[in-house]
Amino acid sequence: MNLFEKLAKLKELYPEDIERIAADEHRVSELLKKQDYAGLEITRELLALCRKDILAMRVKLATERTLSDDARAECWFVIEARLWVIRTVAKDYESELSQLDRELAAELAA
């Protein structure tokens, strides 16, 4: 029995709460719709661009020892902003971080 079948059963069992149950059903439906974007091609492209930006900034921080404090702060700003995007749109944030670590290790090993 899926979630919506369970909600329908609750409506049968508790007719006095139909409005509240319907509101819950609507909220769940909206949340599920919002998760659909994670599988879209454009979302995958956005995540790849964010990883690319983070990778570039992390390599810059790791290899350019003469960066000014302002340049370092700008790098960290870009990293944090891109991580926020990834955290917001990715279905599996931890997997994205793992992929970033692998990409950074490969870049620094080259």
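The paragraphs below set out a description of the structure included in this document. Throughout, a residue's number is its position along its own chain's written sequence, starting from 1. The model is predicted, so local features are restricted to residues of pLDDT at least 70 and side-chain atom pairs to those at 80 or more, both for listing and for counting; the totals for chains, interfaces and linings are taken over all residues. Think of the side-chain values as coming from all heavy atoms in the structure, minus any hydrogens and water.

**Focus: the packing of helix H3 (residues 41-63) against helix H5 (residues 93-109)**
Any two packed helices are characterised by the angle at which their axes cross and by the distance between the axes. Under the convention used in this document: An axis is simply a line fitted to the C-alpha atoms; with a helix, the fit covers only the stretch in contact. Between two such axes, the angle follows the N-to-C directions and lies from 0 to 180 degrees. Secondary structure counts use DSSP, requiring at least four H or I residues in a row for a helix and at least two E residues in a row for a strand, with both numbered from the N terminus. To sort the angles, those under 35 degrees are grouped as roughly parallel, those over 145 as roughly antiparallel, those from 65 to 115 as roughly perpendicular, and the leftovers as oblique. Each crossing gets its hand from how the near helix is turned against the far one by less than a right angle, where anticlockwise is left-handed and clockwise is right-handed. We call two residues contacting when some pair of their heavy atoms lies within 4.5 Å.
Interhelical geometry of H3 versus H5 gives an angle of 45° and a closest axis separation of 10 Å. One finds that H3 runs oblique with respect to H5. Crossing hand, H3 versus H5: right-handed. Residues Leu47, Arg51, Ile54, Leu55, Arg58, Val59, Ala62 and Thr63 of H3 lie in contact with H5, whose contacting residues are Glu96, Gln99, Leu100, Asp101, Glu103, Leu104, Glu107 and Leu108.

**Considering the pattern of salt bridges**
The criterion, for reference: Should a side-chain nitrogen of Lys or Arg be within 4 Å of a carboxyl oxygen of Asp or Glu, the pair is scored as a salt bridge. Buried means the residue's accessible area, taken with a 1.4 Å probe over protein chains only, is under 20% of the maximum for its type, while exposed means over 50%, and partly exposed covers the values in between.
According to the stated counting rule, one finds five salt bridges in the structure shown. For glutamate 41, the salt bridge goes to arginine 44, with nearest N and O atoms at 2.6 Å. In this pair, glutamate 41 and arginine 44 are both assigned in helix H3, three residues apart and thus about one turn of the helix distant. Put simply, aspartate 101 and arginine 58 hold a salt bridge, and the shortest N to O gap is 3.7 Å. On the criterion of sequence distance, the pair formed by aspartate 101 in helix H5 and arginine 58 in helix H3 is long-range, its members being 43 residues apart. Since its relative accessible area comes to 44%, aspartate 101 is described here as partly exposed. Overlapping salt bridges bring together Arg51, Glu96 and Glu103 as one network.

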